[in-house]
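# A look at the structure
Spelled out, the chains give:
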Amino acid sequence: MSMKLTTAIQLRQANREFKATPVAPDQLAALSQAASYAPVARGRYNEFLLTVVTDRQVIDELEAADTGHPFYGAPVVMVLSTTLTNQAGYLSAGMIAQNIELKASELGLASCTILGALKGGIESSVAARTALGLPTDYVPVVAIAIGHPAHELKPRHFVTDRLRTVTLTPEQA
Ligand SMILES: Cc1cc2nc3c(=O)[nH]c(=O)nc-3n(C[C@H](O)[C@H](O)[C@H](O)COP(=O)(O)O)c2cc1C
């Protein structure tokens, strides 16, 4: 039976320690499918490219374009690239990434959104772009490290709302 959405939301967290255990092909397929259900500005899906990297050598090449190990040893790195390098493109990429991360939670996998490594090197590295097989007009805008968590993840319950929220009721408007 599938997990409640609320549980998946509470389970999702920036995970920075992964087991080396590979992610099963059917789970990878489910993550890609979840990505394709995301909303994209004006339905311009053909302007996005999701590259699913499970080859350790390629992940190492991506990390070589950055300093350190920005993917935290995850066995899977998904890189989302787009030709739509404007607000609509970046927002759409975020929607796609969130779908992937929530699906990962449902599957008992862990994830971490990664921007640092892209801005820090991969985006402008010819070697990294070649390793990804990126068409020249595509810019990698967000990556997601995915794998089995090194430590069991528990749903989180925030005592206070982390995000400042203002609700305008009819009386206040
Ligand atoms: C756009 C974006 C970029 C991020 N880039 C990185 C990153 O490069 N490295 C990293 O370790 N975490 C990165 N994160 C994870 C955030 O640090 C994390 O989501 C935030 O601290 C909240 O924690 P939580 O995800 O556990 O709720 C990124 C998150 C977002 C949304």
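Residues numbered from 1 in each chain as written. Predicted model: local features only at pLDDT ≥ 70, side-chain atom pairs only at ≥ 80, totals over all residues. Heavy atoms only, no water.

Looking at an unreviewed UniProt entry, one finds the protein named Nitroreductase domain-containing protein and attributed to Limosilactobacillus ingluviei. Its UniProt record gives the protein the following Sequence similarities (unreviewed entry) comment, quoted word for word: "Belongs to the nitroreductase family." Heading Cofactor (unreviewed entry) of the UniProt record for the protein holds this comment: "FMN". (UniProt positions renumbered as here; feature names shortened; annotations may be inferred.)

As a further point, take the environment of isoleucine 146. Mapped onto the fold, isoleucine 146 is located in strand β4 (residues 139-147). The exposure class assigned to isoleucine 146 is buried, which follows from its relative accessible area of 0%. Separated by 52 residues in sequence, isoleucine 146 and glycine 94 have C-alpha atoms that sit 16 Å apart. Not counting the four nearest positions on each side in its chain, isoleucine 146 is found in contact with Phe18, Val23, Leu31, Ala74, Pro75, Val76, Met78, Ile100, Leu109, Ala110 and Ser111. (Helix = DSSP H or I, 4+ residues; strand = E, 2+ residues; numbered from the N terminus. Buried < 20%, exposed > 50% of the residue type's maximum accessible area, 1.4 Å probe, protein only. Contact = heavy atoms within 4.5 Å.)

Quick look at helix α4 (residues 87-106) now. Compared with the 28 Å implied by 1.5 Å per residue over 20 residues, the 29 Å span of α4 between its first and last C-alpha is a close match. Buried residues belonging to α4 abut α1 (5-11), α2 (25-36), β1 (48-53), β2 (76-82), β3 (110-114) and β4. Of the residues flanking the start of α4, the one acting as N-cap is asparagine 86, its side-chain oxygen 3.1 Å from the backbone nitrogen of alanine 88. (Expected span 1.5 Å × (residues − 1). Polar contact = N/O pair within 3.5 Å; in protein donor to acceptor, adjacent residues only side chain to side chain.)

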